[in-house]
Amino acid sequence: VGPKADIAATLNNLAATAERVGEYPKAVKHFKEAIELARKNQVQVLEGRMLVNLAVVYARLGELGPAWNTAGEVEELAARIDDPRLRLSAVELQADVLRSCGLLAEAGAAMSAAHQAAVAMGDERKALSLAAQARTIESVIAGDPRPAVEAIGAVEAARLTDVATWLWLELSMAARDAVTAVEYLNRVGRDHVSVHQGAVVDIATVRAGLLTGADGACREAADAAAARLVELDHLQLAERPYGRFLLAAREHVRDLPQRTPASTFTVPDDVLTEVDEQAG
């Protein structure tokens, strides 16, 4: 009985809540319903914002094709209504999908372009976030975390907590030794993270336990994380196949006789199938 734009905004809030608790399929459903209402009522600014949110959820599900296509819809809408902020969001979304696909050089270039656009608009907080994302991609490519650490610290100082959490996790998952991986994980903690971030913390913790330099405390933390990840098959997350890969690798290592000089680990077929689906 009320204005349809208000209903669309409420559906957007329901979707955001579902996203926070890791119920991504429900979030996709609500976002699509809200976008349809916004289109029918020609509320294009609201439609654009929800398309951005939908693309983010697709990427977090590991549905990279729909995420890329939805970013394209954002780009087209931004051109149609001449909205520079929406255009910036489209570039950031594309950078995120490129990063998920392992195309780091292309992702870094896109993220830097988005950062320059935010600077030109005078949006200091967005520019800070995008600069940190670009520095983190560069650090992962170069194997030198120092530029990213400084940039993420600036994001934390600005209280962009969610952005900082994802970036610390990205650095931890790229670390070459257990001490460094744990150092970045300790910047995250488990008290104020989303369901998705909590699962990635556990995945990164299991990974740290397999790295050079893992001590008893690190391996004990990895044991606890692995126990929590028994629920991983019930979560629809982009990182799920990697988590399942690490759990299988962990079991392989545990079953080896001591002082085995080398061993071939065969990746389970169901993990490869899931990775292939994401790649497609």
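Presented here is a report on the structure given in the accompanying data block. Since the model is a prediction, treat every value here as computed from it, not as a measurement. (Residues numbered from 1 in each chain as written. Predicted model: local features only at pLDDT ≥ 70, side-chain atom pairs only at ≥ 80, totals over all residues. Heavy atoms only, no water.)

1. Observations regarding the packing of helix H9 (residues 161–174) against helix H10 (residues 178–186)
- For the pair H9 and H10, the least separation of the axes is 8 Å and the interaxial angle reads 170°. The angle between H9 and H10 falls in the class roughly antiparallel. Here H9 contributes Trp168, Leu169, Leu171 and Ser172 to the contact with H10, which in turn contributes Ala181, Tyr184 and Leu185.
- Looking at the contact of H9 with H10 residue by residue, the classes come out as six nonpolar, one polar and no charged. (Axes fitted to C-alpha atoms, helices over the stretch in contact; angles between N-to-C directions. Helix = DSSP H or I, 4+ residues; strand = E, 2+ residues; numbered from the N terminus. Parallel < 35°, antiparallel > 145°, perpendicular 65-115°, else oblique. Contact = heavy atoms within 4.5 Å. Nonpolar A, V, L, I, M, F, W, Y, C, P; charged D, E, K, R; others polar.)

2. Some thoughts on the nonpolar core
- In terms of nonpolar packing, the biggest core is built from 34 residues, with Met50, Val57 and Val74 touching the most fellow members.
- Where this core is concerned, the elements lending two or more residues are helix H1 (4–20), helix H2 (24–40), helix H3 (44–61), helix H4 (64–81) and helix H5 (84–100).
- Considering each element in turn, this core owes the most residues, ten residues, to H3.
- Counting 28 residues, the second largest nonpolar core, distinct from the first, contains Val193, Ile203, Ala225 and Ala226. (Core = buried A, V, L, I, M, F, W, Y, C linked by side-chain atoms within 4.5 Å. Buried < 20%, exposed > 50% of the residue type's maximum accessible area, 1.4 Å probe, protein only.)

3. Here's the deal with the side chain of Arg240
- On the secondary structure map, Arg240 appears in helix H13 (residues 240–254).
- Contacts of Arg240, omitting those with residues within four sequence positions, involve Leu232, Asp233, Leu235 and Glu274.

4. Observations regarding unusual backbone geometry
- Phi at Asp82 is positive, roughly 55°, even though this residue is not glycine.
- Along the polypeptide, Asp82 turns up in the loop between H4 and H5.
- Residue classification places Asp82 among the exposed positions, given a relative accessible area of 57%.
- Positioned with a positive phi, Arg159 is a non-glycine residue whose angle comes to about 65°.
- Summarising the element assignment, Arg159 is placed in the loop between helix H8 (146–157) and H9.

5. A look at the side chain of Ser139
- Turning to its location among the elements, Ser139 is positioned in helix H7 (residues 124–142).
- Among all residues touching Ser139, those that are not within four sequence positions of it are Asp144, Pro145, Pro147, Ala148 and Leu171.

6. What about the packing of aromatic side chains?
- Inspection of every chain in the model, using the stated rule, returns three aromatic pairs.
- An angle of 20° between the planes, with centres 5.8 Å apart, marks the rings of Trp168 and Tyr184 as stacked. Taken together, the residues Trp168 in helix H9 and Tyr184 in helix H10 connect sequence positions 16 residues apart. An identical accessibility class is assigned to Trp168 and Tyr184; each is buried.
- Ring centres of Tyr242 and Phe245 lie 5.9 Å apart, and the angle between their planes is 15°; this geometry places the pair in the stacked category. (Phe/Tyr/Trp six-rings, centres within 6.5 Å; stacked < 30°, edge-to-face > 60°.)

7. A few points about the environment of Pro268
- Structurally, Pro268 is set in the loop between H13 and helix H14 (269–279).
- Separated by 250 residues in sequence, Pro268 and Ala18 have C-alpha atoms that sit 31 Å apart.

8. Let's talk about H13
- An ideal rise of 1.5 Å per residue puts 21 Å on 15 residues; H13 measures up with 21 Å between its terminal C-alpha atoms.
- Every buried residue belonging to H13 is among Arg240, Pro241, Gly243, Arg244, Leu246, Ala249 and Arg250, and all of these are buried.
- Elements in contact with the buried residues of H13: helix H11 (195–209), helix H12 (216–228) and H14. (Expected span 1.5 Å × (residues − 1).)

9. Here's the deal with the environment of Val188
- Locating Val188 in the fold gives a position in the loop between H10 and H11.
- In this structure Val188 comes out as buried when scored by relative accessible area, which is 15%.
- Every residue in contact with Val188, bar those within four places of it in the chain, is listed here: Thr165, Trp168, Leu169, Val193 and Val201.

10. Remarks on the packing of H5 against H7
- It is the contact of H5 with H7, at a shortest axis distance of 12 Å, that shows an interaxial angle of 20°. When the axis of H5 is compared with that of H7, the two are roughly parallel. Of the two possible hands of crossing, H5 and H7 adopt the one that is left-handed. Contacts between H5 and H7 involve Leu88, Glu92 and Arg99 from the first element and Lys126, Leu130, Gln133 and Ile137 from the second. (Left-handed = near helix turned anticlockwise from the far one by under 90°.)

11. Digging into the environment of Pro147
- With respect to the helices, strands and loops of the structure, Pro147 is situated in helix H8.
- The partly exposed category is assigned to Pro147, whose relative accessible area is 37%.
- As for Pro147 and Pro241, which are separated by 94 residues in sequence, their C-alpha atoms are 29 Å apart.

12. A look at the pattern of salt bridges
- Across all of its chains, the model carries 24 salt bridges by this definition.
- One salt bridge in this structure joins Lys40 and Glu36, with 3.6 Å as the shortest N-O distance. With a gap of four residues between them, Lys40 and Glu36 both fall in helix H2, about one helical turn apart.
- On the accessibility criterion, Lys40 (62% relative accessible area) is exposed.
- Relative accessible area serves as the criterion here: at 46%, Glu36 is assigned to the partly exposed category.
- Residues joined by salt bridges that share partners form a network here, namely Asp233, Arg240, Arg244, Asp270 and Glu274. (Salt bridge = Lys/Arg side-chain N within 4 Å of Asp/Glu carboxyl O.)

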